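# Coordinate analysis (summary)
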Amino acid sequence: MKITFKLGEPLWRAAGKREVAGELGPSEREGLAAPASVDAALNALAAAYPQMAQELHGAQAEFYYSLFVNDRLVVFAQRDKTLLKEGDTISLFLPLAGG
């Protein structure tokens, strides 16, 4: 399945571009082919760009990025339960606040 990652600072610097296209196959769960999850996509991204692996695999309390699938917020703790479809876009950005 084809997916797209939109990357914010500092992740895009590790990839060298702000948008990365990826290809995911079905994951194996209990012997059955299952749709790929956001967690599987993040693992694939970290494998393709090892310099961002520490940012993507930090403990939940250390995951500072806002995570979206098709512009819908995904809670980091639900990343393994959030399933992807062909053509989905995953966005990873540092949240900003200002005043």
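Quick note: structure is the one above.
Residues numbered from 1 in each chain as written. Predicted model: local features only at pLDDT ≥ 70, side-chain atom pairs only at ≥ 80, totals over all residues. Heavy atoms only, no water.

### What to know about the overall build of the protein
The helix and strand inventory of the protein stands at 3 helices and 7 strands. Helices and strands in the protein line up, N terminus first, as β-α-β-β-β-α-α-β-β-β. Looking at the protein as a whole, 36% of its 99 residues are labelled buried. Look at the contacts in the protein between residues 6 or more apart in sequence, and 56% of them connect residues 24 or more apart. Summed over its atoms, the accessible surface of the protein is roughly 6,200 Å², and 53% of this surface lies on carbon and sulfur atoms. (Helix = DSSP H or I, 4+ residues; strand = E, 2+ residues; numbered from the N terminus. Buried < 20%, exposed > 50% of the residue type's maximum accessible area, 1.4 Å probe, protein only. Contact = heavy atoms within 4.5 Å. Areas by Shrake-Rupley, 256 points an atom, 1.4 Å probe, with all protein chains shown as cover.)

### Concerning the pattern of salt bridges
All told, the structure shown has 4 salt bridges when counted by the stated rule. Measuring nitrogen to oxygen at the nearest pair gives 3.0 Å for the salt bridge that ties Arg13 to Glu9. Glu9 sits in the partly exposed class, given a relative accessible area of 33%. (Salt bridge = Lys/Arg side-chain N within 4 Å of Asp/Glu carboxyl O.)

### Regarding the sheet that holds strand E1 (residues 2–7)
Strand pairing in a sheet relies on backbone hydrogen bonds. The paired strands run either parallel or antiparallel. Read across the open sheet, the 5 strands follow the order E2-E1-E7-E5-E6; overall the sheet is mixed. Edge positions in the sheet fall to strand E2 (19–23) and strand E6 (72–73), since each of these pairs with one other strand and no more. Here 2 bridges tie strand E5 (residues 66–69) to E6, and the two strands are oriented antiparallel to one another. Each bridged residue has a counterpart across the sheet, and for Val69 the counterpart in E6 is Arg72. (Pairing = 2+ DSSP bridges.)

### A closer look at helix H2 (residues 38–48)
Since the α-helix turns once every 3.6 residues, residues separated by three or four places project in the same direction. For H2, the complete set of buried residues consists of Val38, Ala41, Leu42, Leu45 and Ala46. One side of H2 holds all its buried residues, which, seen down the axis, span an arc of 135°. On its buried face, H2 sits against E1, helix H3 (53–56), E5 and strand E7 (89–93). (Arc of directions from axis to C-beta.)

### Notes on unusual backbone geometry
In this structure, Pro10 follows Glu9 across a cis peptide bond, with omega equal to -15°. Of note, Pro10 is situated in the loop between E1 and helix H1 (11–15). For Asn70, which is not a glycine, the phi torsion comes out positive at approximately 50°. Among the residues examined, Asn70 registers a relative accessible area of 34% and is labelled partly exposed. The backbone phi angle of Asp71 is positive, close to 65°, even though this residue is not glycine. Take Asp71: it is sitting in the loop between E5 and E6. The exposure class assigned to Asp71 is exposed, which follows from its relative accessible area of 70%.

### A few points about the nonpolar core
With 27 residues, the main nonpolar core has Leu7, Met52, Leu56 and Leu92 as its most contacted residues. Looking at this core, the elements that each hand over two or more residues are E1, H1, H2, E5 and E7. Per-element accounting of this core gives the leading share, 5 residues, to H2. Not counting the four nearest positions on each side in its chain, Leu92 is found in contact with Lys6, Leu7, Gly8, Leu11, Leu42, Leu45, Leu56, Phe63, Tyr65, Ser66 and Leu67. (Core = buried A, V, L, I, M, F, W, Y, C linked by side-chain atoms within 4.5 Å.)

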